[in-house]
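# Descriptive structure summary
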Amino acid sequence: MGVVVFIWILFGIAAGLVGSSRGGNGCLYFLAGFLLGPIGLITAFFEGKRCPRCQKKISNNAMVCPYCSYEFKSEN
Ligand SMILES: [Zn+2]
C-alpha cells in the first residue's frame, strides 16, 4: 500500500514539474498527477503553446521558440 502511494506522489511531482516548465500552474498539475496518476502527467504534457513555424510544443511564457528561434508577438 505504501509503495502505491509513493508512486502516486511521484506522478504528482513529475506532472507538477512538466506543467510548470510549460508555463502552467505547478501546484495544480501536482494535484492532477497525484489524483489521476499517469493521466494527470499526460495532461501536463498538453500544457503550453505550439510554435507556428516548427509545430513544437513550448512554454506559454516563451517569447522566442527554443527550437527554431521564432519570435512571438506580445499579445497584450
Ligand atoms: Zn519553433
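The rules behind the values
- Here the residue numbers are simple positions, counted from 1 along each chain's written sequence.
- Only residues with pLDDT of at least 70 get local features here, since the model is predicted, and only at 80 or more are side-chain atom pairs given and counted; chain-wide, interface and lining totals rely on the full set of residues.
- Each side-chain value is worked out from all heavy atoms of the structure, with water and hydrogens disregarded.
- A residue's pLDDT is the predictor's confidence in that residue, given on a scale from 0 to 100.
- The way it works is that DSSP assigns letters per residue, a run of H or I at least four long becomes a helix, a run of E at least two long becomes a strand, and they are numbered from the N terminus.
- Coordinating donors are taken as N, O and S atoms within 2.8 Å of the metal, stretched to 3.2 Å for Na, K and Ca; because water is absent from the atoms, sites can appear incomplete.
- Exposure classes here rest on a 1.4 Å probe applied to the protein chains alone. A residue is buried below 20% of its type maximum, exposed above 50%, and partly exposed in between.
- Axis angles are defined between N-to-C directions and span 0 to 180 degrees, where every axis is a line fitted to C-alpha atoms and, for a helix, only to the segment in contact.
- Here roughly perpendicular refers to angles of 65 to 115 degrees, roughly parallel to angles under 35, roughly antiparallel to angles over 145, and oblique to all remaining angles.
- Whether two residues touch is decided by their heavy atoms; if any such pair falls within 4.5 Å, the residues are in contact.
- When residues are sorted by character, Ala, Val, Leu, Ile, Met, Phe, Trp, Tyr, Cys and Pro go into the nonpolar class, Asp, Glu, Lys and Arg into the charged class, and all the rest, Gly among them, into the polar class.
- For the purposes of this section, nonpolar cores are sets of buried Ala, Val, Leu, Ile, Met, Phe, Trp, Tyr and Cys residues that join through side-chain atoms within 4.5 Å.
- UniProt positions are given in the numbering used here, feature names are shortened, and annotations may be inferred rather than shown by experiment.

### What to know about the confidence of the model for the chain
- Across the chain, the average pLDDT comes to 92, with 95% of residues at 70 or higher.
- No element of the chain has a lower mean pLDDT than strand β2 (residues 57-58), which averages 89, and none a higher one than helix α2 (residues 26-36), which averages 95.

### Section: the coordination of the zinc ion
- The zinc ion binds to the protein through C51 (SG), C54 (SG), C65 (SG) and C68 (SG); the donor distances cover 2.2 to 2.3 Å.
- For the zinc ion, all donor residues lie on one chain, and their spacing in sequence is C-x2-C-x10-C-x2-C. Taken together, the positions of C54 in the loop between β1 (49-50) and β2 and C65 in the segment after β2 put the pair eleven residues apart, joining distant regions of the chain.
- Looking at C54, the relative accessible area reads 23%, which means it is partly exposed.

### Overview of the packing of helix α1 (residues 2-21) against helix α3 (residues 38-45)
- One way to put it is that α1 packs onto α3 with a least axis distance of 8 Å and a crossing angle of 5°. By the criterion of interaxial angle, the relationship of α1 to α3 is roughly parallel. Between α1 and α3, the residues in contact are W8, F11, A14, A15, V18 and G19 and P38, G40, L41, A44 and F45, respectively.
- In terms of residue class, the contact of α1 with α3 is built from nine nonpolar, two polar and no charged.

### A closer look at the environment of K56
- As for its position among the elements, K56 is in the loop between β1 and β2.
- Residue class for K56 comes out partly exposed when judged on its relative accessible area of 39%.
- Sequence separation between K56 and C68 is twelve residues, and the spatial gap between their C-alpha atoms is 9.3 Å.
- Residues in contact with K56, not counting those within four places in the same chain, are K49, R50, C51 and Y67.

### A few points about the nonpolar core
- Residues C51, I58, A62, C65, C68 and F72 constitute the largest nonpolar core, which totals six residues.
- Counting five residues, the second-largest nonpolar core is a separate cluster that includes A15, V18, Y29 and A44.

### Remarks on the UniProt feature "transmembrane region" (unreviewed entry) in the chain
- Annotation from UniProt places "transmembrane region" (unreviewed entry) at residues 29-46.
- Counting secondary structure, residues 29-46 comes out at 89% helix and 0% strand; the distance between its end C-alpha atoms is 11 Å.

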